[in-house]
Amino acid sequence: MVPISILLNVVHGFSALIYFGGVMLFGAVFAPKLSKLSSSTVFELMRDVFPSVLSFAEAVGLLTMVFGAGEFIHYMLGYYRAGGTSLVYHVLFSTPWGASVFSGAVIGLAGFLVGVKIASIFETLFKLYRSTDPTRIDQIRLLEMKLRFYSLVGMVLLTTTVLLMVLAVSFLPIPD
């Protein structure tokens, strides 16, 4: 039987790789180029490609977050059983591993909320591109600028989270 910690770690790590790669690809490659594409190309992307890609990214992001939270809770319950609240507090705020994991989790949550904002902008863009009203072009351009900004912020938060988590699981010893 596979220990729960390994299952949580594998699913969290694998989905995080997919999510991180997708966010970086979109934020660094696609979002900056949207304004340079023709309106018809962007229209087709918004209508046919991006809705399913966005749904996939949201699902993988949630999977990453749920299994990461499960992993965090699993460790903290172990520390709680071993020494109560004082040990949990000590591990989180007095060890490099705990500080790295805790700050990574907080920054990751902020990054997830930025991702929710990006998804909201996309949903609005999808609706605007389906509309035939040509006067909405200014609103579309404004949303595209917001999308580029939030994509950059999301990439920074996500990269910081990944670096903190890699630091915690690769280089810092798990407290006894």
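Each remark here, short or long, concerns the structure printed above.
These numbers were taken from a predicted model, which means no experiment stands behind them.

Novice: Looking at this model, I keep getting lost on the pattern of salt bridges. Mind explaining?
Specialist: It is possible for side chains bearing opposite charge to pair when their charged atoms get close. Applying the stated criterion across every chain yields a total of 1 salt bridge. Salt-bridge contacts for R141 lead to E144; the nearest nitrogen and oxygen are separated by 2.8 Å. Here R141 and its partner E144 are both found in helix α4 (residues 137–170), 3 residues apart, which amounts to about one turn of the helix. Residue classification places R141 among the partly exposed positions, given a relative accessible area of 34%.

Novice: Would you mind showing me how to read the side chain of S151 here?
Specialist: Structurally, S151 can be placed in helix α4. Residue S151 is classed as buried on the basis of its relative accessible area, which comes to 4%.

Novice: What should I look at first to understand a nonpolar patch on the surface in this one?
Specialist: Where nonpolar side chains cluster on the molecular surface, the patch consists of V2, I4, I6, L7 and V10 and spans about 460 Å² of accessible area. Residue class for I6 comes out partly exposed when judged on its relative accessible area of 45%.

Novice: Explain the environment of V166 to me, please; I cannot follow it from the model alone.
Specialist: Within the secondary structure, V166 sits in helix α4. In this structure V166 comes out as partly exposed when scored by relative accessible area, which is 40%.

Novice: What am I meant to see in the packing of aromatic side chains here?
Specialist: Any aromatic ring pair is given by two values, namely how distant the centres are and how the planes are angled relative to each other. For the structure on display, the rule yields 9 aromatic pairs. Site record: aromatic cluster; members linked through ring pairs are F26, F50, F122 and F126.

Novice: Help me understand the nonpolar core in this model?
Specialist: Taken as a class, soluble globular proteins show a tendency for nonpolar side chains to be buried jointly. Grouped together as the largest cluster of nonpolar side chains are 20 residues, with contacts concentrated most on M46, F50, F122, L125 and L147. If you list the elements that add at least two residues to this core, you get α1 (4–33), α2 (39–94), α3 (96–130) and α4. Tallying contributions element by element places α3 first for this core, with 9 residues. Those residues in contact with F122 that lie beyond four places of it in its chain are F26, M46, F50, L54 and L147. Core analysis: the second largest hydrophobic core is formed by 10 residues, M76, V88, V91 and A168 among them.

Reading the values: the criteria
Residues numbered from 1 in each chain as written. Predicted model: local features only at pLDDT ≥ 70, side-chain atom pairs only at ≥ 80, totals over all residues. Heavy atoms only, no water. Salt bridge = Lys/Arg side-chain N within 4 Å of Asp/Glu carboxyl O. Helix = DSSP H or I, 4+ residues; strand = E, 2+ residues; numbered from the N terminus. Buried < 20%, exposed > 50% of the residue type's maximum accessible area, 1.4 Å probe, protein only. Patch = residues over 30% accessible without salt bridge, like charges linked within 9 Å, V, L, I, M, F, W, Y side chains within 5 Å. Areas by Shrake-Rupley, 256 points an atom, 1.4 Å probe, with all protein chains shown as cover. Phe/Tyr/Trp six-rings, centres within 6.5 Å; stacked < 30°, edge-to-face > 60°. Core = buried A, V, L, I, M, F, W, Y, C linked by side-chain atoms within 4.5 Å. Contact = heavy atoms within 4.5 Å.

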